[in-house]
Amino acid sequence: MAFPLPTLLSTIEELLLEVQWLDGLILVTDSERASFVSFSQVDPLLRRLRMRPKGHEVAEKLCMSLLESHGKGAAKPVLVFQGDGSFWLGVMGPCSSNPHRHHAVAHLHRCFSISA
């Protein structure tokens, strides 16, 4: 799955700013609302994920992403998980001054407008 609607980016970035000093991840489900899942709440999330279609694959990748980003500051794993089992998993941080990030966001907008 490609990254979801570019309109989610601002919501995710706002949440990243609020929780930048906490360990955990950003979760977006079918409701298309971003929520923070603290490190202490990851195990129940992983159990729920494993019961979904493709859930074992998602849980494994999420665990690896959490281990890689643990203690690294504001960058957090972002999991966009749909009820049909499709997902997008990446790491995002609130650094909006990066020119490569602006290019990537513009690319997402172009891809979305072509597919719509």
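The structure under discussion appears in the preceding block.
Student: Run through the nonpolar core, naming residues and quoting values.
Tutor: Leu25, Leu45, Leu49, Leu62 and Leu79 are the most contacted members of the largest nonpolar core, which has 14 residues in total. Elements that contribute at least two residues to this core include exactly β1 (24–28), α2 (42–50), α3 (55–69) and β3 (76–81). With near-sequence residues (within four places) excluded, Leu49 lies in contact with Gly55, Val58, Leu62, Leu79 and Phe81. One finds Leu8, Leu16, Val78 and Met92 within the second-largest nonpolar core, a separate group that totals twelve residues.

Student: An account of the sheet that holds strand β4 (residues 87–92) is needed here, citing residue identities and associated values.
Tutor: Across a sheet, strands are paired by hydrogen bonds formed along the backbone, either parallel or antiparallel in direction. If you walk across this open sheet you meet the four strands as β2-β1-β3-β4, and the pairing is mixed. The outermost strands of the open sheet, each flanked by one partner alone, are β2 (34–38) and β4. Ignoring which end each strand starts from, the neighbouring axes of this sheet average 25° apart. As judged from the three bridges shared by β1 and β3, these two strands associate in the parallel manner. Paired with Val28 across the two strands is Val80, which belongs to β3.

Student: Got a sec to walk through the pattern of salt bridges? Specific residues and values, please.
Tutor: Per the counting criterion, the structure on display carries one salt bridge. Lys61 serves as the salt-bridge partner of Glu57, at 3.4 Å between the closest nitrogen and oxygen. Placement of the pair is Glu57 and Lys61 together in helix α3, with a separation of four residues, close to one helical turn. Among the residues examined, Glu57 registers a relative accessible area of 38% and is labelled partly exposed.

Student: Can you tell me about helix α1 (residues 8–18), naming the residues and giving the values?
Tutor: The set of residues buried in α1 consists of Leu8, Leu9, Ile12, Leu15 and Leu16. For α1, the angular spread of buried residues about the axis comes to 130°, placing them on one side. The exposed set on the far side of α1, more than 90 degrees from its buried face, consists of Glu14 and Glu18.

Student: Tell me about empty space enclosed by the protein, and please be specific about residues and values.
Tutor: By the definition in use, this model includes one cavity of 30 Å³ or more. Put simply, the largest cavity is a space of about 50 Å³. Considering the residues around the largest cavity, the lining is formed by eleven residues, among which Asp23, Gly24, Ser69, His70 and Ala75 are closest to the centre. Partitioned by chemical class, the residues of the lining of the largest cavity number five nonpolar, four polar and two charged.

Reading guide: rules and limits
- Residues numbered from 1 in each chain as written.
- Predicted model: local features only at pLDDT ≥ 70, side-chain atom pairs only at ≥ 80, totals over all residues.
- Heavy atoms only, no water.
- Core = buried A, V, L, I, M, F, W, Y, C linked by side-chain atoms within 4.5 Å.
- Buried < 20%, exposed > 50% of the residue type's maximum accessible area, 1.4 Å probe, protein only.
- Helix = DSSP H or I, 4+ residues; strand = E, 2+ residues; numbered from the N terminus.
- Contact = heavy atoms within 4.5 Å.
- Pairing = 2+ DSSP bridges.
- Axes fitted to C-alpha atoms, helices over the stretch in contact; angles between N-to-C directions.
- Salt bridge = Lys/Arg side-chain N within 4 Å of Asp/Glu carboxyl O.
- Arc of directions from axis to C-beta.
- 1 Å grid on protein atoms, 1.4 Å probe; cavity = no way out; pocket = protein on both sides within 12 Å on 5 of 7 lines; lining within 4 Å.
- Points joined across faces, edges and corners; volume = space filled by probe spheres on them.
- Nonpolar A, V, L, I, M, F, W, Y, C, P; charged D, E, K, R; others polar.

So, to be careful, I would describe these as geometric facts and stop short of saying anything about function.
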